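Residue-level listing of the chains:
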Amino acid sequence: MKTTKRKRKKNKPVKQHRKICVYCGKRKNPQSFERHSSHKDELDSRCRKCKNKDTKIRKEIRKTAPPASTHCECCSKLFIKKTKDSERLDHCRKTKKFRGWLCDKCNTGIGQLKDTPQGVLNAFNYLLLRSDISADELPVLINGVVDSLNNLLSRQKDSSRVA
């Protein structure tokens, strides 16, 4: 009886999936991204070029930024030095201006909402519409929002007088 050997199929190279950089929006090869063990695909979400550019910008901003406070300017959480709970420099990517010192969670959260007031407002509206807020709590919440907006308007008026 004659046995026939099966021909082994050659292993086809795995098609490399291209990834989109969250900063520049360009689709790039995986080699364009640094490794990041905590991400699902183990790659940073920013391409090397954008990450290096952003690092340089943050270093320049840090030179002129005021000293870090002891608490997050968003949630008031106490900063703990040399940990994940230490301060993060928040800046506007468009204007390259310092905005404040935030904790990692607030900085990441604002970034996930595209660093825009509209993104934060959309999230706020979503939560407001889907939360179990009592009729007693709603006016307090709305008053807080109105106070924040009035504070913002008065700061803008003050800064326009100085300019």
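A.B. asks: Could you give an account of the overall build of the chain, with specific residues and numbers?
C.D. replies: What the chain contains, in helices and strands, is 4 helices and 6 strands. Along the chain, helices and strands appear, N-terminal first, in the series β-β-β-β-α-β-β-α-α-α. Taken across its 163 residues, the chain has 18% of its residues classed as buried. Counting contacts in the chain only where the partners sit at least 6 residues apart, residues at least 24 apart contribute 34% of the total.

A.B. asks: Report on unusual backbone geometry, specifying residues and quantitative values.
C.D. replies: In this structure, Ser 76 takes a positive phi of about 70 degrees despite not being glycine. Counting through the fold element by element, Ser 76 comes out in the loop between α1 (48–64) and β5 (88–91). Notably, Lys 114 is not glycine yet its phi reads approximately 70 degrees, a positive angle. In this fold, Lys 114 is placed in the loop between α2 (104–112) and α3 (117–130).

A.B. asks: Could you give an account of the environment of Leu 113, naming the residues involved and the relevant values?
C.D. replies: Turning to its location among the elements, Leu 113 is positioned in the loop between α2 and α3. Sequence-wise, Leu 113 and Ala 123 are 10 residues apart; in three dimensions their C-alpha atoms are separated by 7.9 Å. Leave out the neighbours within four places in its chain, and Leu 113 touches Gly 119, Val 120 and Ala 123.

A.B. asks: Before we move on, could you go through the pairing of strand β4 (residues 43–47) and cite the residues and values that matter?
C.D. replies: By the criterion of burial, β4 is predominantly enclosed, with 4 of the 5 residues buried. Two strands pair when backbone bridges link them, and strand β3 (residues 33–35) and β4 are joined in this way by 2 bridges, in the antiparallel orientation. When the sheet's bridge partners are listed, Arg 35 is paired in β4 with Leu 43.

A.B. asks: Describe the pairing of strand β6 (residues 98–102), naming the residues involved and giving the relevant values.
C.D. replies: Taken residue by residue, a regular strand's side chains alternate between the two faces of the sheet. When β5 meets β6, the two strands line up antiparallel, connected through 4 bridges. The partner of Leu 89 across the bridge, within β6, is Trp 101. As consecutive antiparallel partners, β5 and β6 are separated by 6 residues, and within that stretch Lys 96 has a phi angle of approximately 60 degrees, a positive value.

A.B. asks: So what about a positive patch on the surface? Which residues, and what values?
C.D. replies: A contiguous patch of positive charge on the surface is contributed by Lys 26, Lys 49, Lys 53 and Lys 96. Mapped onto the elements, Lys 26 comes out in the loop between β1 (19–20) and β2 (27–28). On the accessibility criterion, Lys 26 (52% relative accessible area) is exposed.

A.B. asks: Lay out the layout of surface pockets in plain terms, naming residues and giving numbers.
C.D. replies: A volume near 1,400 Å³ is recorded for the largest pocket. Lining the largest pocket are 29 residues; nearest its centre among them are Arg 99, Ile 110, Thr 116, Pro 117 and Val 120. Top element by residues in the lining of the largest pocket is helix α4 (residues 137–162). It accounts for 7 residues. In this structure, the second largest pocket occupies an estimated 1,000 Å³ of space. Taken together, 25 residues line the second largest pocket, and the ones lying closest to its centre are Tyr 23, Ser 45, Arg 46, Arg 93 and Thr 108. For the lining of the second largest pocket, the elements supplying multiple residues, two or more each, are β4, α1, β5 and α2. Sort the elements by how many residues they give to the lining of the second largest pocket and α2 lands first, with 5 residues. Of the residues that constitute the lining of the second largest pocket, the class distribution is 3 nonpolar, 9 polar and 13 charged.

Parameters and conventions
- Residues numbered from 1 in each chain as written.
- Predicted model: local features only at pLDDT ≥ 70, side-chain atom pairs only at ≥ 80, totals over all residues.
- Heavy atoms only, no water.
- Helix = DSSP H or I, 4+ residues; strand = E, 2+ residues; numbered from the N terminus.
- Buried < 20%, exposed > 50% of the residue type's maximum accessible area, 1.4 Å probe, protein only.
- Contact = heavy atoms within 4.5 Å.
- Pairing = 2+ DSSP bridges.
- Patch = residues over 30% accessible without salt bridge, like charges linked within 9 Å, V, L, I, M, F, W, Y side chains within 5 Å.
- Areas by Shrake-Rupley, 256 points an atom, 1.4 Å probe, with all protein chains shown as cover.
- Salt bridge = Lys/Arg side-chain N within 4 Å of Asp/Glu carboxyl O.
- Lys, Arg positive; Asp, Glu negative; His and termini not counted.
- Charge placed at Lys NZ, Arg CZ, Asp CG, Glu CD.
- 1 Å grid on protein atoms, 1.4 Å probe; cavity = no way out; pocket = protein on both sides within 12 Å on 5 of 7 lines; lining within 4 Å.
- Points joined across faces, edges and corners; volume = space filled by probe spheres on them.
- Nonpolar A, V, L, I, M, F, W, Y, C, P; charged D, E, K, R; others polar.

Spatial relationships are all this shows, so hold off on functional conclusions.
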